[in-house]
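Summary of the model geometry
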Amino acid sequence: DQQVKQNSPSLSVQEGRISILNCDYTNSMFDYFLWYKKYPAEGPTFLISISSIKDKNEDGRFTVFLNKSAKHLSLHIVPSQPGDSAVYFCAASRSSGNTPLVFGKGTRLSVIA
Amino acid sequence: GAVVSQHPSRVICKSGTSVKIECRSLDFQATTMFWYRQFPKQSLMLMATSNEGSKATYEQGVEKDKFLINHASLTLSTLTVTSAHPEDSSFYICSASGTGKGNYGYTFGSGTRLTVV
């Protein structure tokens, strides 16, 4: 039973354009959501998070949107840069830091120069 | 910011031997440590959760006698893969949560690539 789903295994975007990565979840008890960037054979690097009391959080080129009624969140990267090419994981938990994260399967983003 | 140091980054061992992986929180107290493994092109799957001074809680399907977790201090947790077999070859990652100069949640180590031959 996959509680966090990233249905697009890969995404290609032109440099300078917007990248939109999507994530859906099934467990309504999740109240904290995070996005990580990961390269092969490295640990995940935290990008941005959002708690369920918000519907948007922005940090530089990264914005996360949360639609609780749809149990859907998305990560927007604009403008996309070649250095953004990596695998992006969506993760969710029931509280910040105290319970383990549940990860999606990841989306491989390729930003083409 | 919070840092979790994970060692070794890469290890190759013979089948039947044991391998120990260490995770240290460098500037905060890791009250909780999560251990994950990742197979190629798959998600990070939680193996176990450990709180300092307590026995680890293992996820269903994870053998506690095979994957020994020790979290004896607030800055160190270890995962020992005992009697390793080729099917244990994977990427193992720790994640720590705790307190220090603030609250630190979900800081990941850099991972350990284990290859059992």
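Our subject is the structure listed above.
For the structure given in this document, a descriptive report is provided here.

About the thresholds
- Residues numbered from 1 in each chain as written.
- Chains lettered and ligands numbered in written order.
- Predicted model: local features only at pLDDT ≥ 70, side-chain atom pairs only at ≥ 80, totals over all residues.
- Heavy atoms only, no water.
- Helix = DSSP H or I, 4+ residues; strand = E, 2+ residues; numbered from the N terminus.
- Rg over C-alpha atoms; globule rule 2.2 N^0.38 Å.
- Phe/Tyr/Trp six-rings, centres within 6.5 Å; stacked < 30°, edge-to-face > 60°.
- Disulfide = S-S within 2.5 Å.
- Patch = residues over 30% accessible without salt bridge, like charges linked within 9 Å, V, L, I, M, F, W, Y side chains within 5 Å.
- Areas by Shrake-Rupley, 256 points an atom, 1.4 Å probe, with all protein chains shown as cover.
- Salt bridge = Lys/Arg side-chain N within 4 Å of Asp/Glu carboxyl O.
- Polar contact = N/O pair within 3.5 Å; in protein donor to acceptor, adjacent residues only side chain to side chain.
- Contact = heavy atoms within 4.5 Å.
- 1 Å grid on protein atoms, 1.4 Å probe; cavity = no way out; pocket = protein on both sides within 12 Å on 5 of 7 lines; lining within 4 Å.
- Points joined across faces, edges and corners; volume = space filled by probe spheres on them.
- Nonpolar A, V, L, I, M, F, W, Y, C, P; charged D, E, K, R; others polar.
- Pairing = 2+ DSSP bridges.

Glancing now at the overall build of chain B. Summing up its helical and strand segments, chain B has zero helices and 11 strands in all. Ordered by position from the N terminus, the helices and strands of chain B form the series β-β-β-β-β-β-β-β-β-β-β. Computed over its C-alpha atoms, the radius of gyration of chain B comes to 13 Å, within 12% of the 13 Å expected for a compact globule of 117 residues. Seen through its C-alpha atoms, chain B measures out along the principal axes to roughly 45 × 25 × 25 Å.

Turning next to the packing of aromatic side chains. Within this structure, the stated rule accounts for 12 aromatic pairs over all chains. Members of the aromatic cluster, joined through ring pairs, are A:Tyr36, A:Phe46, A:Phe89, A:Phe103, B:Tyr36 and B:Phe108.

Moving on, we get to the state of the cysteines. All names here are of chain B. The final tally for this structure, using the stated rule, is two disulfides over all chains. Sulfur-sulfur distance for the disulfide between Cys23 and Cys94 comes to 1.8 Å. Taking the torsion about the sulfur-sulfur bond, which here is approximately -90°, the covalent link between Cys23 and Cys94 counts as left-handed. On the criterion of sequence distance, the pair formed by Cys23 in strand S3 (residues 19-25) and Cys94 in strand S9 (residues 90-99) is long-range, its members being 71 residues apart.

Further remarks concern a nonpolar patch on the surface. Nonpolar side chains collect at one region of the surface, where A:Ile18, A:Ile20 and A:Val78 lie side by side and expose about 220 Å² of accessible area between them. In this fold, A:Ile20 is placed in strand S3 (residues 19-25).

On to the side chain of B:Ser5. Residue and element names in this part refer to chain B. For Ser5, the location among the structural elements is in strand S1 (residues 4-7). A polar atom in the side chain of Ser5 sits 2.9 Å from the side chain of His7. In this structure, Ser5 is in contact with Glu22, Cys23, Arg24 and Leu26, ignoring residues within four places of it in sequence.

Quick look at the layout of surface pockets now. Approximately 690 Å³ is the volume attributed to the largest pocket. Breaking the lining of the largest pocket down by element, the ones donating at least two residues are strand S10 (102-103) of chain A together with strand S4 (29-38) and strand S5 (44-51) of chain B. Residue composition of the lining of the largest pocket, grouped by class: 14 nonpolar, nine polar and eight charged. In this model, the second largest pocket occupies a volume close to 430 Å³. Around the second largest pocket sit 17 residues that line it, and A:Val87, A:Arg108, B:Gln38, B:Lys41 and B:Gln42 are the ones nearest its centre. Secondary-structure elements contributing two or more residues to the lining of the second largest pocket are strand S9 (86-93) and strand S11 (107-112) of chain A. The residue makeup of the lining of the second largest pocket, split by class, is eight nonpolar, four polar and five charged.

A few words on the side chain of B:Ser97. As for its position among the elements, B:Ser97 is in strand S9. One polar contact links the side chain of B:Ser97 to the main-chain amide nitrogen of B:Tyr106, over a distance of 3.0 Å.

The antiparallel open sheet is built from five strands, whose spatial order is S1-S3-S8-S7-S6 (chain A). Each edge of the open sheet carries a strand with a single partner, namely strand S1 (4-5) and strand S6 (56-59) of chain A.

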